[in-house]
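Residue strings, one per chain:
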Amino acid sequence: MHLSTIISSFLAGATFVAAAPAKRATDPIPVEYVSMLNSYQSYVNTTLSKKDHRNGLRVCNHRNVQVRKEWRSMSKRERKKYVSAVQCMYRNRRSQANRKKVPGARNRLDDFLASHLVVSEKIHFNGHLFPWHRHFVWLYEQALREECGYKGAQPYWDWTLDAGNLLASPVFDGSDTSMGGNGEYFPHGHTELQAFGLDLQLPPGTGGGCLKSGPFSDLIVNMGLNQTIAPPASNVTAPIPKTLETADNKKVEPLSSPETSNITSPVDPTFETEKTFEPVGLIKFNEALNYNPRCLRRDLNLFWAEQLTASHVLYLLQASNADQLEKRIDGWDGPDPTQPAMHPAGHFVVGGLQNDPFASPGDPMFFLIHAQIDRLYTIWQSQDPARLYQVGGTDKPLDLNNEGNPVKLNDRLNFGIVDGKRKLKNLLNTMDKYYCYAYE
Ligand SMILES: [Cu+2]
């Protein structure tokens, strides 16, 4: 059997069979999970209270730690401040990318989209997933603070709180204290997703179109390839959302003019001189980095919401090593087709641009999803001191036969436009080196 067939049977099975009983948000939270949350909080307290070698305060301590809160635990004022800072990233801050290498980038959010896109096939379904995304979210948090005057910490979305009632979530209610609403509904079929050698058909959700009002309805996604959304089963013609119009039909001006958008310079996907990049999927990097302005789409999806339960989180956190943790969150820990896949599900539940594993940081929701993934990672790390600096797996995506290089502490991870390269071992402790944050 072909490799991709095997993998897609893993994932497609996890997606469509979904035989594991889904617990509703109203179901009791497993006690083992609660006890893990408690031991995480005592780990944070102990770490922040430690004295350093000169017997003084640690550099990262109770006074300066950034506390990342769940969206609904923030006050309305805090949520609005966060939304404004994100809006500043795409409304007021220009891209710092080299236009010849990244022709489509217009604003700072685009820099994050492009940086994720070009290394996508090196940082997913492998041992670099958690540390890479940890640092990426942190860089975004720093950009909000340093470039857009944000004073708070990066929020996260605890999706277990919405697993049973996604459409009532305050995260997506479209109000000015939300992360924006659902996409406008239009009848549509599945989304065809081809990536990492997989070929998946994602079931349609409850929206599918552009955000029409509320936060981020003016956001233009400037790069990435268009996904294929199947036409509706009936003969209804689905309106294709206009790219450069807001809800009020106002034209949105990109920060800089699109004249240069047809530059088709050869793009070195890794921003490096050596051309070692080996695409394993179907993404065409040169095209994906070109200027391709369109609206932000979402498609809130109840099918995936059912996977995002506390009992599935507990199953994830029971992973016995770092390799298994990655395989569990990505849904390929062995051949069981009914296993949950919380990382893909966390994206697909929002749908639209979140169904695109390369360009998904173009939706600000990406950073709340990945803060949650980082939170689950640090909770897992905190359960055993031996886990803090433990790495696992290889650097090859979906490496069923262990053909890639084993992940090592000295690996250097590439953050493209937004940071260059960083050593993996410096990205493992959220309260040391670059970092000083914890989750509430
Ligand atoms: Cu990613």
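- As recorded in an unreviewed UniProt entry, the protein goes by the name Di-copper centre-containing protein, listed as coming from Lojkania enalia.

1. Description of the sheet that holds strand S2 (residues 191–195)
Argument step 1. Across the sheet, 3 strands lie side by side as S3-S2-S5; this open sheet has antiparallel pairing. With partners counted over all chains shown, the strands left at the sheet margins are strand S3 (198–202) and strand S5 (228–229), one partner each.
Argument step 2. Inspection of the sheet shows S2 paired to S3 by 5 bridges, in the antiparallel sense. Considered in S3, the bridge of Thr 191 is made with Leu 202.

2. What to know about the pairing of S3
Argument step 1. Of the two faces of S3, the one lined by Leu 198, Leu 200 and Leu 202 is fully buried and the one lined by Asp 199 and Gln 201 carries no buried residue.
Argument step 2. Count of turn residues in the S2/S3 antiparallel hairpin: 2 residues, of which Phe 196 carries a positive phi of about 55°.

3. A short note on helix H8 (residues 310–317)
Argument step 1. Most of H8 is tucked away, with 6 of its 8 residues classed as buried.
Argument step 2. By the burial criterion, the buried members of H8 are Ala 310, Ser 311, His 312, Val 313, Leu 316 and Leu 317.
Argument step 3. In the core, the buried residues of H8 are packed alongside helix H2 (31–49), helix H9 (322–330), helix H10 (342–348) and helix H11 (365–382).

4. Considering helix H5 (residues 129–148)
Argument step 1. Spanning 20 residues, H5 covers 27 Å between terminal C-alpha atoms, matching the ideal 28 Å at 1.5 Å per step.
Argument step 2. The buried fraction of H5 amounts to 14 of the 20 residues, a majority that puts the element mostly inside the structure.

5. Examining the UniProt feature "domain: Tyrosinase copper-binding" (unreviewed entry) in the protein
Argument step 1. Look at the UniProt record and you will see "domain: Tyrosinase copper-binding" (unreviewed entry) annotated at residues 363–374.
Argument step 2. Between the end C-alpha atoms of residues 363–374 the distance is 18 Å, and the span holds 83% helix and 0% strand.

What counts, and where the lines are drawn
All residue numbers here refer to positions counted from 1 along the written sequence of the relevant chain. Selection of residues for local features in this predicted model requires a pLDDT of at least 70, selection of side-chain atom pairs for listing and counting requires 80 or more, and totals for whole chains, interfaces and linings are taken over all residues. Two strands pair under a simple rule: DSSP has to find at least two bridges between them. Each helix is a run of H or I in the DSSP string that is no shorter than four residues. Each strand is a run of E no shorter than two, and both are numbered from the N terminus. Partly exposed residues are those falling between the two cut-offs: more than 12 but fewer than 20 other C-beta atoms within 10 Å of their own, whereas 20 or more means buried and 12 or fewer means exposed, with C-beta atoms placed from the backbone. Here, residue contact means that the backbone-derived C-beta atoms of the two residues sit within 7 Å. Take the residue count of a helix, subtract one, and multiply by 1.5 Å to get its expected span. UniProt positions are given in the numbering used here, feature names are shortened, and annotations may be inferred rather than shown by experiment.

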